[in-house]
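# Architecture at a glance
Chain by chain, the residues run as shown.
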Amino acid sequence: MGTTDSMTDDREYKRLVWHSRRGMLELDLLLVPFVKEAYPSLPEADQARYRSLIECEDNDLFAWFMQRSRPEDPDLARIVDLILQRVQPD
């Protein structure tokens, strides 16, 4: 039975990678490496935040990642910060 779970997880992960490709270079350069390199080791709560994040509009994502605005939702703000910290270490 464990095989079905891992197949479902694998399919879900591939879907996430696919949905992380936005067709906007700036977003692709942030989201695709994040989902491939960091997402698998995130705590479940942060994985859920990422899944919510990629449901957002590209214009919102672009504004958040270019730091022109912040998400009102604290969960989205947290995952945006995690992604930005990965590319802009202090």
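Details of the structure are given in the entry above.
### With respect to the side chain of R49
Relative to the elements of secondary structure, R49 occurs in helix α3 (residues 44–53). A polar atom in the side chain of R49 sits 2.5 Å from the side chain of D46. Other than its neighbours up to four places away in sequence, R49 contacts D75, L76, R78 and I79.

### Re the packing of aromatic side chains
All chains considered together, the criterion is met by 3 aromatic pairs. Connected via pairs of aromatic rings, a cluster forms that spans Y13, F34, Y39 and Y50.

### With respect to the side chain of S20
By secondary structure assignment, the location of S20 is in helix α1 (residues 2–20). The buried category is assigned to S20, whose relative accessible area is 0%. A polar atom in the side chain of S20 sits 2.6 Å from the side chain of Y50. Beyond its immediate sequence surroundings of up to four residues, S20 is in contact with D28, L31, V32, V35, Y50 and I54.

### Thoughts on the packing of helix α2 (residues 25–37) against helix α4 (residues 58–65)
Close contact between α2 and α4 brings their axes to 10 Å; oriented N to C, the two are set at 75°. The orientation of α2 with respect to α4, classified from their angle, is roughly perpendicular. Between α2 and α4, the contacting residues are E26, L27, L30 and L31 on the first element and D58, L61, F62 and F65 on the second. Split into classes, the residues belonging to the contact of α2 with α4 amount to 6 nonpolar, no polar and 2 charged.

### Focus on α3
Within the sequence span of α3, burial applies to D46, Q47, R49, Y50 and L53. Around the axis of α3, the buried residues are gathered within 155° of arc, so they sit on the same side.

### Section: the pattern of salt bridges
Counted under the stated rule, the structure contains 9 salt bridges. Between E44 and R51 there is a salt bridge whose closest N-O contact spans 2.9 Å.

### Overview of the nonpolar core
Ranked by internal contacts, the top residues of the largest apolar core, which has 22 residues, are L31, Y50, L53, L61, F65 and I83. Looking at this core, the elements that each hand over two or more residues are α1, α2, α3, α4 and α5 (74–87). Those residues in contact with L31 that lie beyond four places of it in its chain are S20, R22, Y50, L53, L61, F65 and I83.

Scoring rules and cut-offs
- Residues numbered from 1 in each chain as written.
- Predicted model: local features only at pLDDT ≥ 70, side-chain atom pairs only at ≥ 80, totals over all residues.
- Heavy atoms only, no water.
- Helix = DSSP H or I, 4+ residues; strand = E, 2+ residues; numbered from the N terminus.
- Polar contact = N/O pair within 3.5 Å; in protein donor to acceptor, adjacent residues only side chain to side chain.
- Contact = heavy atoms within 4.5 Å.
- Phe/Tyr/Trp six-rings, centres within 6.5 Å; stacked < 30°, edge-to-face > 60°.
- Buried < 20%, exposed > 50% of the residue type's maximum accessible area, 1.4 Å probe, protein only.
- Axes fitted to C-alpha atoms, helices over the stretch in contact; angles between N-to-C directions.
- Parallel < 35°, antiparallel > 145°, perpendicular 65-115°, else oblique.
- Nonpolar A, V, L, I, M, F, W, Y, C, P; charged D, E, K, R; others polar.
- Arc of directions from axis to C-beta.
- Salt bridge = Lys/Arg side-chain N within 4 Å of Asp/Glu carboxyl O.
- Core = buried A, V, L, I, M, F, W, Y, C linked by side-chain atoms within 4.5 Å.

Any functional reading would require information beyond the geometric quantities listed.
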